[in-house]
Amino acid sequence: MTFEKFIFYVFAAILVFAAVRVITVRNPVHAALHLVLAFFTTAGLWLLLEAEFLAITLVLVYVGAVMVLFLFVVMMLDINVAPLKEGFARYLPVALPVAILMLVEMLLVVGSHYFSDERMPAPSRHGADYSNTRELGSVLYTDYVYPFEIAAVILLVAIVAAIALTLRRRPDTKYLNPADQIKVRREDRVRVVKMKSESRD
């Protein structure tokens, strides 16, 4: 076993442990921290695959922005986890067959028949002038330009749907009409009261 393969197995074991802890830990803050660990180990695996751009993007975007925001939201909302876990037993008859089916599919894909050393191409080492960012952009905007644009449209629709869902009118919320605020005159808001001056003896 080479040192590179040993590092891969170490990172893979840490990644599996962190992913399992994300869905099994009771505290949501601890779950978010385990997800940060999973992101870091995934970035390490991508560095082993010579995908430095993806590794740095994962750390900067997900760990540096998304997970920090998620931690702030979880810690400020102070979510009560007990009511959320009360319905787990009710959905277990549906969730268990789906989980078994997903496990079987992953075993078929990652199994030795479909994912073996004979079917894998030999690892190639690139020169110092090789840029995987340029190669990624070239493949993304030539071979996969239509799926990339479809994914962008789907994300745009998701953003619009999220805004539409959060801006629904609630009966207990007070709203201000900007047009009514602009129409206000000085006489409607300010009243000048004349008072007699008093002399101090």
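Please read these numbers as outputs of a predicted model, since none were measured by experiment. (Residues numbered from 1 in each chain as written. Predicted model: local features only at pLDDT ≥ 70, side-chain atom pairs only at ≥ 80, totals over all residues. Heavy atoms only, no water.)

Topic: the overall build of the chain
As a reminder, the rule being used: Secondary structure elements follow DSSP: runs of H or I of four or more residues count as helices, runs of E of two or more count as strands, with numbering from the N terminus. Here the term buried applies to any residue with accessible area under 20% of the maximum for its type, exposed to any over 50%, and partly exposed to those in between, with areas from a 1.4 Å probe on protein chains only. Should any heavy atoms of two residues lie within 4.5 Å, those residues are counted as being in contact. The protein chains shown are the only cover counted for residues, whose accessible areas, like all others here, come from Shrake-Rupley with a 1.4 Å probe.
Summing up its helical and strand segments, the chain has 9 helices and 0 strands in all. Across the chain, helices and strands are ordered from the amino to the carboxyl terminus as α-α-α-α-α-α-α-α-α. Per-residue burial over the chain gives 12% buried out of 201 residues. Taking the contacts inside the chain whose residues are at least 6 apart along the sequence as the reference set, 58% of them involve residues at least 24 apart. Counting every atom, the chain has about 17700 Å² of accessible surface; 68% of that belongs to carbon and sulfur.

Let's talk about the UniProt feature "transmembrane region" (unreviewed entry) in the chain
Our working rule: UniProt positions are given in the numbering used here, feature names are shortened, and annotations may be inferred rather than shown by experiment.
The residues that UniProt annotates with the feature "transmembrane region" (unreviewed entry) are residues 6-24, 31-49, 55-79, 91-115 and 144-167. Helix makes up 100% of residues 6-24 and strand 0%, whereas the separation of the span's terminal C-alpha atoms amounts to 27 Å. Structurally, residues 31-49 comprises 95% helix and 0% strand, and the distance from its first C-alpha atom to its last is 27 Å.

Thoughts on the packing of helix H2 (residues 28-48) against helix H3 (residues 52-77)
What counts here: To obtain each axis, a line is fitted to C-alpha atoms, and for helices this fit is confined to the stretch in contact; angles are then taken between N-to-C directions over 0 to 180 degrees. These descriptions rest on fixed angle ranges, namely under 35 degrees for roughly parallel, over 145 for roughly antiparallel, 65 to 115 for roughly perpendicular, and the rest for oblique. We call Asp, Glu, Lys and Arg charged. Ala, Val, Leu, Ile, Met, Phe, Trp, Tyr, Cys and Pro are nonpolar, and the rest, Gly among them, are polar.
Here H2 crosses H3 at 175 degrees, and the two axes come no closer than 9 Å. In terms of axis orientation, H2 runs roughly antiparallel to H3. On H3, the residues touching Pro28, Val29, Ala32, Leu33, Leu35, Val36, Phe39, Phe40, Thr42, Ala43, Trp46 and Leu47 of H2 are Glu52, Leu54, Ala55, Leu58, Val59, Tyr62, Val63, Met67, Phe70, Leu71, Val74 and Met75. A breakdown of the residues in the contact of H2 with H3 according to their chemical character gives 22 nonpolar, 1 polar and 1 charged.

Concerning H2
Heads up, the rule is: To estimate the expected span of a helix, count its residues, drop one, and scale the result by 1.5 Å. Under the rule applied, a polar contact is a pair of N or O atoms within 3.5 Å (in protein, one hydrogen donor and one hydrogen acceptor; residues adjacent in sequence only if both atoms are side-chain atoms).
For H2, spanning 21 residues, the distance from its first C-alpha to its last is 30 Å, which sits close to the expected 30 Å at 1.5 Å a residue. Every buried residue of H2 is listed here: Ala31, Ala32, His34, Val36, Ala38, Phe39, Thr41, Thr42, Ala43, Gly44 and Leu45. Close packing links the buried residues of H2 with helix H1 (3-24) and H3. Two or three places before Val29, at the start of H2, stands the capping residue Asn27, its side-chain oxygen 3.1 Å from that residue's backbone nitrogen. In the stretch just after H2, Glu50 is the one whose phi turns positive, near 60 degrees.

Here we look at the packing of H1 against H2
Basically, it comes down to this: Helix crossings get a hand from a simple test, with the near helix turned counterclockwise from the far one by less than a right angle marking a left-handed crossing and a clockwise turn marking a right-handed one.
The contact between H1 and H2 brings their axes to 8 Å, and the two run at 155 degrees. Of the possible angle classes, the one that applies to H1 and H2 is roughly antiparallel. Two packed elements cross with a definite hand, and for H1 against H2 that hand is left-handed. The segment H1 lies against H2, with Glu4, Ile7, Phe8, Phe11, Ala12, Ile14, Leu15, Ala18, Arg21 and Val22 engaging Ala31, His34, Leu35, Leu37, Ala38, Thr41, Thr42, Gly44, Leu45 and Leu48. Classifying every residue of the contact of H1 with H2 gives 14 nonpolar, 4 polar and 2 charged.

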